[in-house]
Amino acid sequence: LYKDRSLDLVITVAAPAVRFFQRHRQRIFPTTPLLITGLEQRLYSASGLATEVAVLTAIDFHAAIGNILQVKPDTNHVVVVLGASPLEKYWAGQIAAEVEPWKDRVAFTWFNELSFDDMLKQVANLSPRSAVFFAAMVVDAAGVPQNHGKVVSKIHAASSAPVFSFGDSH
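Treat the numbers as computed from the prediction; the structure is a model and nothing was measured.

(A) Region of the structure containing the environment of P162. Counting through the fold element by element, P162 comes out in the loop between helix 5 (148-158) and strand 7 (163-165). With 94 residues separating them in the primary sequence, P162 and I68 have C-alpha atoms 9.4 Å apart.

(B) Spatial organisation of the nonpolar core. One finds I65, V78, L82, I95, F108 and F133 to be the most contacted residues of the largest nonpolar core, which totals 21 residues. Elements represented by at least two residues in this core include exactly helix 2 (61-71), strand 4 (77-82), helix 3 (86-99) and strand 6 (130-136). Broken down by element, this core gets its largest block of residues, five residues, from helix 2. Not counting residues within four places of it along the chain, the set of residues in contact with L82 comprises E88, W91, A92, I95, F111, N112, M119, A135, A136 and M137.

(C) Region of the structure containing the pattern of salt bridges. Summed over the entire model, instances satisfying the criterion amount to five salt bridges. For R25, the salt bridge goes to E52, with nearest N and O atoms at 3.9 Å. With R25 in helix 1 (residues 15-28) and E52 in strand 3 (residues 52-57), this residue pair connects regions lying 27 residues apart in the sequence. Beyond isolated ion pairs, a larger network of salt bridges with shared partners links E40, R42 and E98.

(D) Structural detail: the layout of surface pockets. Space inside the largest pocket adds up to approximately 570 Å³. If you trace the largest pocket, you find 22 residues lining it, with A14, G38, I59, W91 and F166 closest to the centre.

(E) Inspection of the sheet that holds strand 4 at higher detail. Overall, parallel pairing links the four strands, which are arranged 5-4-6-7 in an open sheet. Two strands lie at the open edges of the sheet, namely strand 5 (107-110) and strand 7, each paired on one side alone. The sheet shows a mean angle of 30 degrees between the axes of neighbouring strands, direction not considered. Against the sheet, helix 3 engages strand 4, strand 5 and strand 6, with an angle of about 180 degrees to strand 5.

(F) The side chain of S130, seen in detail. Structurally, the position occupied by S130 is in strand 6. Separated by 2.9 Å, the side chains of S130 and H77 make a polar contact. Here the side chain of S130 touches S127 through a polar contact of 2.9 Å, side chain to side chain. Not counting the four nearest positions on each side in its chain, S130 is found in contact with K72, T75, H77, A161 and P162.

(G) Region of the structure containing the packing of aromatic side chains. Counted according to the given criterion, the structure contains six aromatic pairs. With a centroid separation of 6.2 Å and 90 degrees between ring planes, the pair formed by F61 and F133 is classed as edge-to-face. Placement of the pair is F61 in helix 2 and F133 in strand 6, with a sequence separation of 72 residues. Linked through ring pairs, F61, Y90, W91, F133 and F166 together constitute an aromatic cluster.

(H) Quick look at the packing of helix 4 (residues 116-123) against helix 5. Across the interface, helix 4 lies against helix 5 with an axial gap of 8 Å and an inter-helix angle of 30 degrees. As the angle between them shows, helix 4 and helix 5 are arranged roughly parallel. Here helix 4 and helix 5 pass one another in a crossing that is right-handed. Residues F116, M119, L120 and V123 of helix 4 touch helix 5, and the partners they reach there are V151, K154, I155 and A158. Classifying every residue of the contact of helix 4 with helix 5 gives seven nonpolar, no polar and one charged.

Each value, and the rule that gives it
Sequence positions are assigned chain by chain, starting from 1 and proceeding in written order. pLDDT decides what is reported in this predicted model: residues at 70 or higher carry local features, side-chain atom pairs at 80 or more are listed and counted, and totals for whole chains, interfaces and linings draw on all residues regardless. Note that water and hydrogens are dropped before the side-chain values are worked out from all heavy atoms of the structure. Secondary structure elements follow DSSP: runs of H or I of four or more residues count as helices, runs of E of two or more count as strands, with numbering from the N terminus. In these notes, a set of buried Ala, Val, Leu, Ile, Met, Phe, Trp, Tyr and Cys residues joined through side-chain atoms within 4.5 Å is what counts as a nonpolar core. Burial classes: relative accessible area under 20% of the type maximum marks a residue as buried, over 50% as exposed, and values in between as partly exposed (1.4 Å probe, protein chains only). Residue contacts follow a heavy-atom distance rule, with two residues in contact if any of their heavy atoms lie within 4.5 Å. A side-chain nitrogen of Lys or Arg and a carboxyl oxygen of Asp or Glu constitute a salt bridge if their distance falls within 4 Å. Cavity: a set of points on a 1 Å grid over the protein atoms alone where a 1.4 Å probe fits but cannot get out. Pocket: an open set with protein on both sides within 12 Å along at least five of seven lines, its lining residues, like those of a cavity, having an atom within 4 Å of a point. Grid points are joined across faces, edges and corners, and a volume is the space filled by probe spheres set on the points. Note on pairing: two strands pair once DSSP finds at least 2 bridges between them. Axes here refer to lines fitted to C-alpha atoms; in helices the fit is confined to the stretch in contact. Angles between the N-to-C directions go from 0 to 180 degrees. What qualifies as a polar contact is a pair of N or O atoms within 3.5 Å, subject to a donor-acceptor requirement within protein and to the restriction that residues adjacent in sequence count only when both atoms come from side chains. Note on aromatic pairs: the rings of Phe, Tyr and Trp (six-membered ring only in Trp) are paired at centre separations within 6.5 Å, and the planes decide the class, stacked below 30 degrees, edge-to-face beyond 60, tilted for the rest. Each angle receives one of four descriptions, namely roughly parallel if under 35 degrees, roughly antiparallel if over 145, roughly perpendicular if within 65 to 115, and oblique otherwise. Take the far helix as the reference: if the near one is turned anticlockwise from it by less than a right angle, the crossing is left-handed, and if turned clockwise, right-handed. When residue character is reported, Ala, Val, Leu, Ile, Met, Phe, Trp, Tyr, Cys and Pro are called nonpolar, Asp, Glu, Lys and Arg charged, and the others, Gly included, polar.

Now the structure itself:
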């Protein structure tokens, strides 16, 4: 498409686009400036090029659980909805480390080893003092790709507990 044209700027949104562009940059647009957006700071690896600028996000999972407890102080159980892709496995470790200080007050159940159908069954039967924390869902544990936006809607419709997340888009 752009073989005979030059671009003024390439803007990537989220980790897959950043990885793709950084991996193929020298072959496709070696001198075009890059603006990286929609990427969490822990996933950023600078290329060292002066033509790369990153506007990064920072997700504070500890604060996200704190927000749940502020809104619903009687919560003693949080279900973490998360898929099983390599990136989601990375996030499971990051989230677990950040919510560690809450473990004396809240029990955590991790859904990253369940199929999406099993997740829907389990959220339908949560106790009144439970909350659901939606982190991410790209591929469930059965290996089935999921539509991120539809997953949130289906979890919300099935859940007997309120659903929270770290982003307004959810």
